[in-house]
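# Notes for the structure review
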Amino acid sequence: MTVGLFIPCYVNQFYPQAAIATLQLLQKLGVEVVYPPRQTCCGQPMANSGFEHLTQDCNRLFLENFSDFDYIVAPSASCVLHVKQHLHAPTNPALAERTRSRVYELVEFLTDVLKVDNLTARFPHRVGIHQSCHGLRGLYLAQMSELNASPFSKPVQLLNMVDGLELVDLDRPDECCGFGGTFCVAEEAVSVKMGKDRVTDHVKNGAEYITSVDLSCLMHLEGILHRNKSAVKAVHIAEILNATV
């Protein structure tokens, strides 16, 4: 099995430690990982702003970089969901369809493909999980609280394998943080208020760290934490699952 490591542009620029943790974690689990150096933005910001017709070069480059791998794995639910839903190739639709089916967010790859049932990680802290909207309602990484259905959570399944980690219960466990990509620019006041509500929930319930499958959400929450001079830290789930101390 050979995995192409898809690192979204904002992860590469702002949170390279999450990319490194993803690589190291996959290698610990015996996966052969290749990082295509020519990769760049998947086109999500343009598509979300109404300019999907301008993303064809992004699609073409993504297929050039990743179409030959058995699986494509990324530490970003939002970018994975975009590729799964919007990767197209007018001249070769079969190739695009096959590539879309091979793209996985890191957590779902660990639980659904590798079927991980044991981790050697240690992270002795109280952790709150932020359920990103793309991960929750797009990739179905956990059950939505508004549904009358049996609960499940793939991130919780993995975090429960981490030695010393204590998950905190939140009052509103799957509420949006307000980031929403360009939404946080177009509707700044609403976005900030939603983010403050999420931070308050975690702080109130004693979290030392906030984790998520989406660094875009964590970047938004981290900014609010910094402005509040809070001791609570934001960390991607890959960094916790790869932690040893």
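Residues numbered from 1 in each chain as written. Predicted model: local features only at pLDDT ≥ 70, side-chain atom pairs only at ≥ 80, totals over all residues. Heavy atoms only, no water.

This next bit is on the domain arrangement of the protein chain. Along its sequence, the protein chain is carved into domain 1 (2–113) and domain 2 (126–241). Using C-alpha coordinates to define each centre, domain 1 is positioned 22 Å away from domain 2. The interface is formed by 25 residues belonging to domain 1 together with 22 residues belonging to domain 2. In total, about 1,900 Å² of surface goes out of reach between domain 1 and domain 2, with carbon and sulfur atoms giving 71% of it. One can count one salt bridge joining domain 1 with domain 2. Lys154 serves as the salt-bridge partner of Asp112, at 2.7 Å between the closest nitrogen and oxygen. Applying the counting rule to domain 1 against domain 2 returns six residue pairs in polar contact (both at pLDDT 80 or more). In the side of domain 1 that touches domain 2, the residues fall into 14 nonpolar, seven polar and four charged. (Domains from an automatic or database assignment. Contact = heavy atoms within 4.5 Å. Buried area = accessible area lost by both parts, 1.4 Å probe. Salt bridge = Lys/Arg side-chain N within 4 Å of Asp/Glu carboxyl O. Polar contact = N/O pair within 3.5 Å; in protein donor to acceptor, adjacent residues only side chain to side chain. Nonpolar A, V, L, I, M, F, W, Y, C, P; charged D, E, K, R; others polar.)

Attention now moves to the sheet that holds strand 2 (residues 32–34). Sheet architecture is open: four strands sit in the order 2-1-3-4, paired in parallel fashion. The two strands at the open ends of the sheet, each matched to only one other strand, are strand 2 and strand 4 (103–105). Ignoring strand direction, the axes of neighbouring strands in this sheet form an average angle of 35°. Where strand 1 (residues 2–5) lies against strand 3 (residues 71–74), three bridges are found, and the strand directions are parallel. Paired with Val3 across the two strands is Tyr71, which belongs to strand 3. Across the face of the sheet, helix 2 (residues 16–28) comes into contact with strand 1, strand 2 and strand 3 while running at roughly 175° to strand 1. (Pairing = 2+ DSSP bridges. Helix = DSSP H or I, 4+ residues; strand = E, 2+ residues; numbered from the N terminus. Axes fitted to C-alpha atoms, helices over the stretch in contact; angles between N-to-C directions.)

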